[in-house]
Each structure stands twice: as structure tokens, then as C-alpha cells.
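One letter stands for each residue in the lines below.
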Amino acid sequence: IPTEHALPPMVDSAFIAMASSRSHAAGLWQFIPGTGKRYELKQNWWYDGRRDIVASTSAALDYLKDVYDMHGDWQLALASYNWGENAVARAIEKNRREGQPTDYLSLPMPRETRGYVPKLQALKNLILNPQAYGVTLAPIPNEPYFATVTKTRDIDVLLAAKLAEMPVDEFVALNPGFSRPLIRTAMTPRIVLPADKVEIFHENLEKYEDKSLVSWKTYVPQRGENLEAIARK
């Protein structure tokens, strides 16, 4: 995959993993539910893989590769990513029947899709040569910022952040796929931590080996109880 194809989240979600759209697309890569399921991104009460940074990025790269293989052209692949591969295929077939060119610029398409590739090209130009546009970009070290940790036990989000000795909001920002205060390993065994927090997380976790990592409890309402009374408890 060309390196600049790391840029679509800048246009789609502004790299906000909790972003959602009117069409129910979610996450950095803005997967709609159906496409997410096609690329094995779980979506349930506990977890939404479309918001999982690692899982959704892997799925997005697979999807881009698939639509490139379908059309043999990266501009059409990106148009498919924005508009849908079937919509692009129908537009190509329509132009073909009418004897018209079938490249990106020649296809009839929605205004959003028409501007999608130019936006990405503009971002690519800015990042390749920021000085030409009066832009200063801070250097980014060529090393991993985060690492994945495979767990074997359920754990509270608050406790996981505490064991990693990091603020809860930063932990949630790296693990936005979890929809509840409890991380269920049955949903995904992986959590994401800053690379420099992995060792301290494991050290602190060892101290909790004989203690419960979960404070979440299930309560079964008794006959005659209403929600207000339960909430007070």
C-alpha cells in the first residue's frame, strides 16, 4: 500500500477514533457496519472493532488492497473507499456503455467523492514539502509510539490505566474500541499502551495476580423494584 494511504483518517475522521457519521460510519477509518463485518471487525455491546485502532487499520489496508485489485487504479480505489466499490463499479460500467473514459476524473460521482482524492493529494503535497506552503511540521521519531499487550483476564478500564501509570483519558484514546468500563478478553485479548508503559504495566499486573481485576457486577432486579430504587442503591 502506498505510504500516503495512511492519510485518509485525516480527511475522514481528523484522527478521532470516536468519530461517527450520519451513515453510521465509525472510527478512524469510518467503516460502516456492513463493511466492518465483512472485514471481521466485531461490533457488539462490549466492543466495536471499527474504533479499535489496530484492528480497523489492518481492515482498512485490506479493504484498500481489495478495491485496488478490483479496479487496478489507486484513484478509483480511494473513490471506492469513500463512495463504495459497487457504486464506483456501476459508474464505470455506465461510462463504458456510453463509450466514455472510465478514469476517476471522467466518472459521475457525488461531490464529496469528487473532492476526496484531491484532498488526499493536497495533504500528501503538504507533508512531502511543507516549506513550499509555509507550513512547519514537527519531526516524528521513526519508532513505534504504542505497543500491543495480550491479556488473558478481564480487567476494568480504570484499573488497566492505573497499572500502566497513565491518565485514563489517554488509555481510552488508545483503546477506543471498548464501549464499557470493563474490558472483556472474550471480545479482544489485546490492549494498546504507549511503548514505554508496557514494562511497568506487566510489573504492576504481577502484583494483582491473586486479586480481582474486575469491579463490574451484574444485578438482577427483584420483583417490585423499579429503576429509580436500584439507581439509589
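Please read all numbers here as calculations on a predicted model, not as lab measurements.

Chemist: Quick one: what's the story with the overall build of the chain, residue by residue and with numbers?
Modeler: Looking only at helices and strands, the chain has 10 helices and four strands in total. Reading the secondary structure of the chain in the N-to-C direction produces α-α-α-α-α-α-β-β-α-α-β-β-α-α. Relative to the 2.2 N^0.38 estimate, which gives 17 Å for 233 residues, the radius of gyration of the chain is 22 Å and therefore markedly larger than a compact globule would have. Along the three orthogonal principal directions, the C-alpha set of the chain runs to about 70 × 50 × 30 Å. Buried positions account for 37% of the 233 residues belonging to the chain.

Chemist: Give a description of a nonpolar patch on the surface that names residues and reports values.
Modeler: On the surface, Met10, Phe15, Ile127, Tyr133, Val135 and Leu137 cluster together into a nonpolar patch covering about 550 Å² of accessible area. Position of Tyr133 relative to the elements: it lies in the loop between helix H6 (111-128) and strand S1 (146-150).

Chemist: Any details on helix H9 (residues 198-206)? Residues and values, ideally.
Modeler: Think of an α-helix as turning once every 3.6 residues; residues three or four places apart then point the same way. Within H9 the residues assigned to the buried category are Val198, Phe201, Asn204 and Leu205. Across the axial projection of H9, the buried residues extend over an arc of 130 degrees, all falling on one side. Residues of H9 that are exposed and point over 90 degrees away from its buried face: Glu199 and Glu206.

Chemist: Before we move on, can you summarise the pairing of strand S4 (residues 190-194) with the specific residues and values?
Modeler: Of all five residues making up S4, five are buried, and the element is well covered by its neighbours. Pairing of S1 with S4, which is carried by five bridges, proceeds in the antiparallel orientation. Paired with Val149 across the two strands is Ile191, which belongs to S4.

Chemist: Which residues make up the nonpolar core, and what values go with them?
Modeler: Phe31, Tyr81 and Leu107 are the most contacted members of the largest nonpolar core, which totals 28 residues. Among the secondary structure elements, those contributing two or more residues to this core are helix H3 (53-71), helix H4 (74-83), helix H5 (85-97) and H6. At six residues, H3 tops the list of elements feeding residues into this core. What Tyr81 contacts, discounting residues up to four positions off in sequence, is Asp12, Trp29, Phe31, Ala60, Tyr63, Leu64 and Tyr116.

Chemist: I'd like to hear about the side chain of His71, residue by residue, with values.
Modeler: Positionally, His71 belongs in helix H3. Among the residues examined, His71 registers a relative accessible area of 18% and is labelled buried.

Chemist: Please give an account of the environment of Thr150 that cites residues and values.
Modeler: Its place among the elements puts Thr150 in strand S1. Thr150 sits in the exposed class, given a relative accessible area of 61%. Placed 45 residues apart in sequence, Thr150 and Ala195 show a C-alpha to C-alpha distance of 14 Å.

Chemist: Give me the lowdown on H6, citing residues and values where you can.
Modeler: Taking 1.5 Å as the rise per residue, H6 with 18 residues should run 26 Å; its terminal C-alpha atoms sit 26 Å apart, in good agreement. Within the span of H6, buried status applies to Thr113, Tyr116, Val117, Leu120 and Leu123. Packed against the buried residues of H6 are helix H1 (8-12) and H4.

Cut-offs used in this document
Residues numbered from 1 in each chain as written. Predicted model: local features only at pLDDT ≥ 70, side-chain atom pairs only at ≥ 80, totals over all residues. Heavy atoms only, no water. Helix = DSSP H or I, 4+ residues; strand = E, 2+ residues; numbered from the N terminus. Rg over C-alpha atoms; globule rule 2.2 N^0.38 Å. Buried < 20%, exposed > 50% of the residue type's maximum accessible area, 1.4 Å probe, protein only. Patch = residues over 30% accessible without salt bridge, like charges linked within 9 Å, V, L, I, M, F, W, Y side chains within 5 Å. Areas by Shrake-Rupley, 256 points an atom, 1.4 Å probe, with all protein chains shown as cover. Salt bridge = Lys/Arg side-chain N within 4 Å of Asp/Glu carboxyl O. Arc of directions from axis to C-beta. Pairing = 2+ DSSP bridges. Core = buried A, V, L, I, M, F, W, Y, C linked by side-chain atoms within 4.5 Å. Contact = heavy atoms within 4.5 Å. Expected span 1.5 Å × (residues − 1).

None of the figures reported here should be taken as evidence of function without further support.
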